Amino acid sequence: MSRSASAKAALLGAALLTACSAKPIGGELAAPQPVFDAKTFFAGHTEGRATLKIIFKAAQPVHVDGKGWVEPDGTLILDQVVKRGDHAPERRRWRFREMGPNRYAGSLSDAAGPVVGDVRGNRLHLAYPMKGGYKAEQWIYLQPDGRTALNRMAITKFGIEVGRLEETIRKLD
């Protein structure tokens, strides 16, 4: 086997091992209390500071400025301005609605399909397809102060993790 083929085989093997780990990122942050209430946390002004690491690229900083509110029908709207590295700021909008006890469904303006979510204790788990055949999963853990949440996001393609985001979100008002 050539040196190049060996390197490719090793990379593929590492990727497959990564794909086999199905447990939530940041699972050690999970706790029964405080219970994550998305409407309460995201209504008002929030700010996120993150690091995004995409495979084969340098890590880059991400800043997210959010303004959220709850519509009369109970839908949570979250408008965000996202600044990633040297890229121009982008706007995105989340729309969430509680579908039953601890279950959410909604949309994200830059997703390729519906967003589904569930709450278990202090953890809000979100999953959605992205453009280009990617999938995103986020595990957002509300911290004991009720004003800080830690977001751990995995981006996969063909079941292989190709990106990871670690973010601290703070409620500002």
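Let me begin by describing the structure that accompanies this report. (Residues numbered from 1 in each chain as written. Predicted model: local features only at pLDDT ≥ 70, side-chain atom pairs only at ≥ 80, totals over all residues. Heavy atoms only, no water.)

## A word on the environment of Lys 67
In this structure, Lys 67 sits in strand β2 (residues 60-70). With a relative accessible area of 43%, Lys 67 lands in the partly exposed category. Taking the C-alpha atoms as reference points, Lys 67 and Thr 46, 21 residues apart in sequence, are found 6.4 Å from one another. (Helix = DSSP H or I, 4+ residues; strand = E, 2+ residues; numbered from the N terminus. Buried < 20%, exposed > 50% of the residue type's maximum accessible area, 1.4 Å probe, protein only.)

## Some details on the sheet that holds strand β4 (residues 90-100)
On the basis of which strands lie adjacent, the closed barrel formed by 10 strands has the order β1-β2-β3-β4-β5-β6-β7-β8-β9-β10 and antiparallel pairing. When the angles between neighbouring strand axes are averaged without regard to direction, this sheet yields 25°. Relative to β4, strand β3 (residues 76-84) is paired through 7 bridges, and the arrangement is antiparallel. Bridging across to β4, Val 81 finds its partner in Arg 91. (Pairing = 2+ DSSP bridges. Axes fitted to C-alpha atoms, helices over the stretch in contact; angles between N-to-C directions.)

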